[in-house]
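# Descriptive structure summary
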Amino acid sequence: MLWRRKSVGLALGGGGARGLAHIGIIRVFEQEAIPIDIVVGTSIGALVGAAYASGMSPDEMEKKTDEFLNSSIFQGSVLSSIKEAEAADRLTVTRKIQGFFKDRLYLLKAMFKLGILQSEDFQAMIDYFIPDMLVEDTRIPFRAVVTDLVSGEPIVISKGPLRKAVMASCAVPGAVPPIEKDSMLLSDGGIINLVPTTVAREEGAEFVVAVSVNKEIYSDEKLGSAMDIYVRATEILSFHLERSMLEEADVVIHPRVGGLHWTDFLLARELIEAGEKAAREKLDLIRKGLHLPGAWATLTNFLKGLAPDNSPLQGVS
């Protein structure tokens, strides 16, 4: 009887800068020849997932991340300014962000506009990482998860412009204006699907590997205002919603990045390394679930090395 492995779905969760750990996880999968048949992403998971699905290697993603962080696009962005406020001494995280909003009048802007970030500025960041192509033309099947603010339902984008799909999935409420499409207002997929495990399963994955980069649930930060309590309540809600979704995965990879702030993009290399370490800790579990022998990576890489560029063996996994 011929052996057939299970199809593998990689569900990449949201979490701002912490999601750069996804790059390290994908790198380990490639090095160890762990197959990926479909990528489903939410928010930063959609950004990293779409870049990889379009054909970009983890090394290329890391290089582009370094270049982006040193570019005028990031240096002059609101994201960079928020990080500067976050780095201030002797202030709690909430106080730093509140101080930033007050000093820059972003709090006033947030009250009267759909987002504190200009759509054009955020689109420039998306365009920096994502090629101009269609979702249905990616090298690996890709799905972006978004939330329709009108119906309150999750939406899975499987076709259309890839950049627009990622933009919608990354449209963090209050930070980035929602994307209008037909009668819908598309926003961050993490509102409902912080880690899109069920979507990966519904899209045909028989073995789902979920990656969570959400914050740790414990916090000893002082709650000194109504806003502090609201933010904390949202964190708790997200944590428990995510936990129920992770139960749908066959393997969960949880890089140790939960203590970092969502704006810690300058820690990119450390975040990527944390992803690599977390992925390696789960390799045996993944191989066991897929019934892959320990020598699978060596054999696969050997066959790829022997095959010409146009050989079907170049796509073996």
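Structure report, in brief. (Residues numbered from 1 in each chain as written. Predicted model: local features only at pLDDT ≥ 70, side-chain atom pairs only at ≥ 80, totals over all residues. Heavy atoms only, no water.)

### Side note on the packing of aromatic side chains
Convention followed: Stacked, edge-to-face and tilted labels apply to pairs of Phe, Tyr and Trp rings (six-membered ring for Trp) whose centres lie within 6.5 Å, assigned for plane angles under 30 degrees, over 60, and everything in between, in that order. Every helix listed is a DSSP run of H or I at least four residues long, and every strand listed is a run of E at least two residues long, numbered separately from the N terminus. Only lysine NZ and arginine CZ atoms are considered, and such an atom sits over a ring when it is within 6 Å of the ring centre and within 35 degrees of the ring normal.
Counted under the stated rule, the structure contains 3 aromatic pairs. Between Phe68 and Tyr128, the ring centres sit 5.4 Å apart and the planes meet at 55°, which makes this aromatic pair tilted. Here Phe68 is found in helix H3 (residues 58-69), whereas its partner Tyr128 is found in helix H8 (residues 119-129), with 60 residues between them in sequence. Ring centres 5.5 Å apart and planes at 65° place the aromatic pair Tyr128 and Phe129 in the edge-to-face group. Within the aromatic cluster, the residues linked to one another by ring pairs are Phe68, Tyr128 and Phe129. Residue placement shows Lys64 over the ring face of Tyr128; its charged tip is 4.7 Å from the ring centre.

### Notes on the nonpolar core
To keep things clear, this is the line we draw: Residues enter a nonpolar core if they are buried and are Ala, Val, Leu, Ile, Met, Phe, Trp, Tyr or Cys, with the set joined through side-chain atoms within 4.5 Å. Buried residues are those whose accessible area, probed at 1.4 Å on protein chains only, stays under 20% of the maximum for their type, while exposed residues exceed 50% and partly exposed ones sit between those limits.
Core analysis: the largest hydrophobic core is formed by 69 residues, its most contacted members being Phe29, Ile126, Ile130, Phe142, Val209, Ile253 and Ile286. Counting residues per element, this core draws most heavily on helix H2 (residues 44-53), at 8 residues. If you look at the next biggest cluster of nonpolar residues, it comprises 12 residues, including Val145, Ala200, Val208 and Leu246.

### Here's the deal with the pattern of salt bridges
Note on pairing: side chains with opposite charge can pair once their charged atoms come close. Selection criterion: Criterion for a salt bridge: a side-chain nitrogen of Lys or Arg within 4 Å of a carboxyl oxygen of Asp or Glu.
All chains considered together, the criterion is met by 11 salt bridges. Note that Arg27 is salt-bridged to Asp59, the shortest N-O span being 2.8 Å. In this pair, Arg27 sits in helix H1 (residues 21-31) while Asp59 sits in helix H3, placing the two residues 32 residues apart along the sequence. Because the salt bridges share partners, they merge into one network encompassing Arg27, Asp59, Glu62 and Glu276.

### Overview of the packing of H1 against H2
Convention followed: To obtain each axis, a line is fitted to C-alpha atoms, and for helices this fit is confined to the stretch in contact; angles are then taken between N-to-C directions over 0 to 180 degrees. Crossing handedness: left-handed means the near helix sits turned counterclockwise from the far one by under a right angle, and right-handed means the same turn made clockwise. Here a residue-residue contact requires only that any non-hydrogen atoms of the pair lie within 4.5 Å. Residue classes follow a fixed rule: Ala, Val, Leu, Ile, Met, Phe, Trp, Tyr, Cys and Pro count as nonpolar, while Asp, Glu, Lys and Arg count as charged, and any other residue, Gly among them, counts as polar.
Here H1 crosses H2 at 35°, and the two axes come no closer than 10 Å. Taken as a pair, H1 and H2 cross one another with a handedness that is right-handed. Along its contact with H1, which presents His22, Ile23, Ile26 and Glu30, the element H2 presents Ile44, Gly45, Val48 and Tyr52. A breakdown of the residues in the contact of H1 with H2 according to their chemical character gives 5 nonpolar, 2 polar and 1 charged.

### Quick notes on the packing of H1 against H3
Heads up, the rule is: Our angle categories are set so that under 35 degrees counts as roughly parallel, over 145 as roughly antiparallel, 65 to 115 as roughly perpendicular, and the remainder as oblique.
It is at 9 Å that the axes of H1 and H3 come closest, and there the two elements cross at 155°. By the criterion of interaxial angle, the relationship of H1 to H3 is roughly antiparallel. Crossing of H1 over H3 shows left-handed handedness. For the pair formed by H1 and H3, the contact residues are Ile23, Ile26, Arg27 and Glu30 on the first element and Pro58, Asp59, Met61, Glu62 and Thr65 on the second. In the contact of H1 with H3, the residues fall into 4 nonpolar, 1 polar and 4 charged.

### Focus on H2
Of all 10 residues that make up H2, 10 are buried, and the element is covered over most of its length. Regarding H2, the residues found buried are Ile44, Gly45, Ala46, Leu47, Val48, Gly49, Ala50, Ala51, Tyr52 and Ala53.

### Description of the environment of Glu276
Heads up, the rule is: N or O atoms within 3.5 Å of each other form a polar contact, as long as, within protein, one can give a hydrogen and the other can take it, and as long as residues adjacent in sequence are counted only when both atoms are side-chain atoms.
As for its position among the elements, Glu276 is in helix H12 (residues 268-281). Expressed as a C-alpha distance, the spacing of Glu276 and Phe29, which sit 247 residues apart in the sequence, is 9.1 Å. Apart from the residues lying within four places of it in its own chain, the contact partners of Glu276 are Gly24, Ile25, Arg27 and Val28. At 2.7 Å, the side chain of Glu276 and the side chain of Arg27 are in polar contact.

### A closer look at the pairing of strand E2 (residues 38-42)
Our working definition: Strands are labelled as partners when DSSP assigns at least two bridges between them. Here the term right-handed applies to a crossover when the path leading from its first strand over the helix to its second strand runs clockwise, the strands being oriented away from the viewer.
Buried residues dominate E2, accounting for 5 of its 5 residues. Taking every second residue as pointing to the same face, both faces of E2 are buried, with Ile38, Val40 and Thr42 on one and Val39 and Gly41 on the other. Bridging between strand E1 (residues 8-12) and E2 involves 4 bridges; their strand directions are parallel. Across the sheet, Leu10 pairs through a bridge with Val39, a residue of E2. Handedness of the crossover joining E1 and E2 through H1: right-handed. In this sheet, strand E3 (residues 142-148) lies alongside E2 in parallel orientation, the contact comprising 4 bridges. Within E3, the residue paired with Val40 across the bridge is Arg143.

### Here we look at the pairing of E3
For E3, the tally of buried residues reaches 7 of 7 residues, placing the bulk of the element in the interior. One ladder, built from 4 bridges, connects E3 with strand E4 (residues 154-157); its direction is antiparallel. Bridge pairing links Thr147 to Pro154 in E4. In the sheet, E3 pairs with strand E6 (residues 184-188) via 3 bridges, with the strands oriented antiparallel. Looking at the pairing, Val146 lines up with Asp188 of E6.

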